[in-house]
Amino acid sequence: MPFMIPRIDPDIATLAPGFRALSILVEAAPVTNPHVGAEALVRACGTEPAPWAQAHLAAWGEVFKRFGAKPQRTPCSAEALRKRVLRDGAMPSIDPVVDLYNAVSIEYAIPVGGENLTAYEGSPRLVIADGSELFDTIKEGEPAHEAPEPGEVVWRDDRGVTCRRWNWRQGIRTRLSVECTQMWFILESLPPMPLAALHEAGDRLVAGLLQMMPEARIETTLIEASDWA
């Protein structure tokens, strides 16, 4: 399994003091229990939020405001999922792996990204965009490109942006599905979320993946400010 640690631009510390994340690399294996994700999603939608959950989502809203995003219109991914569950009472099943990481995101009120690592050119990195980068998306049913706003926080690789507004909207090129052979997950937290809860969320995701594909190889790395370069 290839070793990879995502890079975090040191300027991110100004926008989000105390930001830390779990990076989880997965070498996938044959799926023996494809229902794990959907079952986890149903359970997560019926789970009471953790005592710190609202404060964590509010902290993400403040971070989004600092780089010019409007969290009411483009919320962090965890807030968007929470609003959908509160509105509809459930989340539709999308894909076994996507269902699983959405379940972790809902249960722990944490943005969770899932990426097809084989589609990457170079390592993932979290940076402040200058506005010249390209982001692949769909508009009116057709493939299209757009550019992030200057000063926007984005995930990117050597080819372009893979996720806009930090964790708001994922691109098409690196989108993850259960058929992918090399998977990368990133669980992103701010200080209102206890470090123990971050590790618990990562353990929950890893346990679900191993239940789904028992022969998968998985590596988890904690990324803290001291690792930024």
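Residues numbered from 1 in each chain as written. Predicted model: local features only at pLDDT ≥ 70, side-chain atom pairs only at ≥ 80, totals over all residues. Heavy atoms only, no water.

### A closer look at the overall build of the protein chain
1) Next: In terms of regular secondary structure, the protein chain is built from six helices and eleven strands.
2) Next: With the C-alpha coordinates of the protein chain rotated into their principal frame, the extents come out at 45 × 40 × 40 Å.
3) Next: Pairs at least 24 residues apart make up 75% of the contacts formed inside the protein chain by residues separated by at least 6 positions.
4) Next: Here the protein chain displays about 10500 Å² of accessible surface, and carbon together with sulfur accounts for 53% of that area.
5) Next: When the 22 basic and 31 acidic side-chain charges of the protein chain are each reduced to a single mean position, those positions are 6 Å apart. (Helix = DSSP H or I, 4+ residues; strand = E, 2+ residues; numbered from the N terminus. Contact = heavy atoms within 4.5 Å. Areas by Shrake-Rupley, 256 points an atom, 1.4 Å probe, with all protein chains shown as cover. Lys, Arg positive; Asp, Glu negative; His and termini not counted. Charge placed at Lys NZ, Arg CZ, Asp CG, Glu CD.)

### Focus: the pattern of salt bridges
1) Next: Inspection of the entire model under this criterion finds twelve salt bridges.
2) Next: The partner of R204 in a salt bridge is E107, with the nearest N and O atoms 2.8 Å apart. Taken as a pair, R204 in helix α6 (residues 195-212) and E107 in helix α5 (residues 96-108) lie far apart in primary sequence, 97 residues in all.
3) Next: Residue classification places R204 among the partly exposed residues on the basis of a relative accessible area of 37%.
4) Next: By relative accessible area, E107 is classed as partly exposed at 23%.
5) Next: The partner of R165 in a salt bridge is E149, and the shortest N-O contact between them spans 3.3 Å. Residue R165 is located in the loop between β8 (161-164) and β9 (169-170), and its partner E149 is located in the loop between β6 (142-146) and β7 (153-156); the two are separated by 16 residues in the primary sequence.
6) Next: With relative accessibility at 40%, the residue E149 sits in the partly exposed group.
7) Next: Salt bridges sharing partners connect three or more residues here, namely K139, E146, E152, R164 and R169. (Salt bridge = Lys/Arg side-chain N within 4 Å of Asp/Glu carboxyl O. Buried < 20%, exposed > 50% of the residue type's maximum accessible area, 1.4 Å probe, protein only.)

### A look at the UniProt feature "domain: B3/B4 tRNA-binding" (unreviewed entry) in the protein chain
1) Next: UniProt's entry tags residues 58-214 with the feature "domain: B3/B4 tRNA-binding" (unreviewed entry), counted in the numbering of this structure.
2) Next: With 33% helix and 24% strand, residues 58-214 has end C-alpha atoms that lie 37 Å from one another. (UniProt positions renumbered as here; feature names shortened; annotations may be inferred.)

### Details of helix α4 (residues 77-88)
1) Next: For α4, spanning twelve residues, the distance from its first C-alpha to its last is 17 Å, which sits close to the expected 16 Å at 1.5 Å a residue.
2) Next: Regarding α4, the residues found buried are S77, A78, E79, L81 and V85.
3) Next: For α4, the secondary structure elements touched by its buried residues are α2 (36-45), α3 (53-66), α5 and β3 (112-116). (Expected span 1.5 Å × (residues − 1).)

### As for the sheet that holds strand β10 (residues 182-189)
Sheet strands pair by backbone hydrogen bonding; their relative direction is either parallel or antiparallel.
1) Next: Strand order across the open sheet formed by four strands is β3-β10-β2-β11, with antiparallel pairing between neighbours. Every other strand in the sheet has two partners, leaving β3 and β11 (217-223) as the edge strands with one partner each. Strand after strand, the sheet turns through a mean of 15° between neighbouring axes, direction not considered.
2) Next: For strand β2 (residues 20-27) and β10, the ladder comprises eight bridges, and the chain directions are antiparallel. Bridged to L22 within β10 is L187.
3) Next: Contacts between α5 and the sheet are confined to β3 and β10, with β3 contributing the most and set at about 160° to the helix.
4) Next: In the packing of α6 onto the sheet, contacts are made with β2, β10 and β11, and the angle to β2 comes to roughly 15°. (Pairing = 2+ DSSP bridges. Axes fitted to C-alpha atoms, helices over the stretch in contact; angles between N-to-C directions.)

### Topic: the nonpolar core
1) Next: Ranked by size, the top nonpolar core spans 69 residues in total, and within it F19, V97, W166, F185, L187 and L205 carry the most contacts.
2) Next: No other element matches the eight residues that α5 contributes to this core.
3) Next: Leaving out residues up to four positions away in the same chain, L205 has contacts with I24, L100, Y101, V104, F185 and L187.
4) Next: Ranked by size, the runner-up nonpolar core spans five residues in total, among them V127, A129, V154 and V161. (Core = buried A, V, L, I, M, F, W, Y, C linked by side-chain atoms within 4.5 Å.)

### Quick notes on the packing of α5 against α6
1) Next: It is the contact of α5 with α6, at a shortest axis distance of 10 Å, that shows an interaxial angle of 155°. Classified by the angle their axes make, α5 and α6 are roughly antiparallel. Note on packing geometry: the crossing formed by α5 with α6 is right-handed. Packed against α5, whose contacting residues are P96, V97, L100, Y101, V104, E107 and Y108, the element α6 presents A197, E200, A201, R204, L205, G208, L209 and M212 at the interface.
2) Next: Of the residues assigned to the contact of α5 with α6, the class counts are eleven nonpolar, one polar and three charged. (Parallel < 35°, antiparallel > 145°, perpendicular 65-115°, else oblique. Left-handed = near helix turned anticlockwise from the far one by under 90°. Nonpolar A, V, L, I, M, F, W, Y, C, P; charged D, E, K, R; others polar.)

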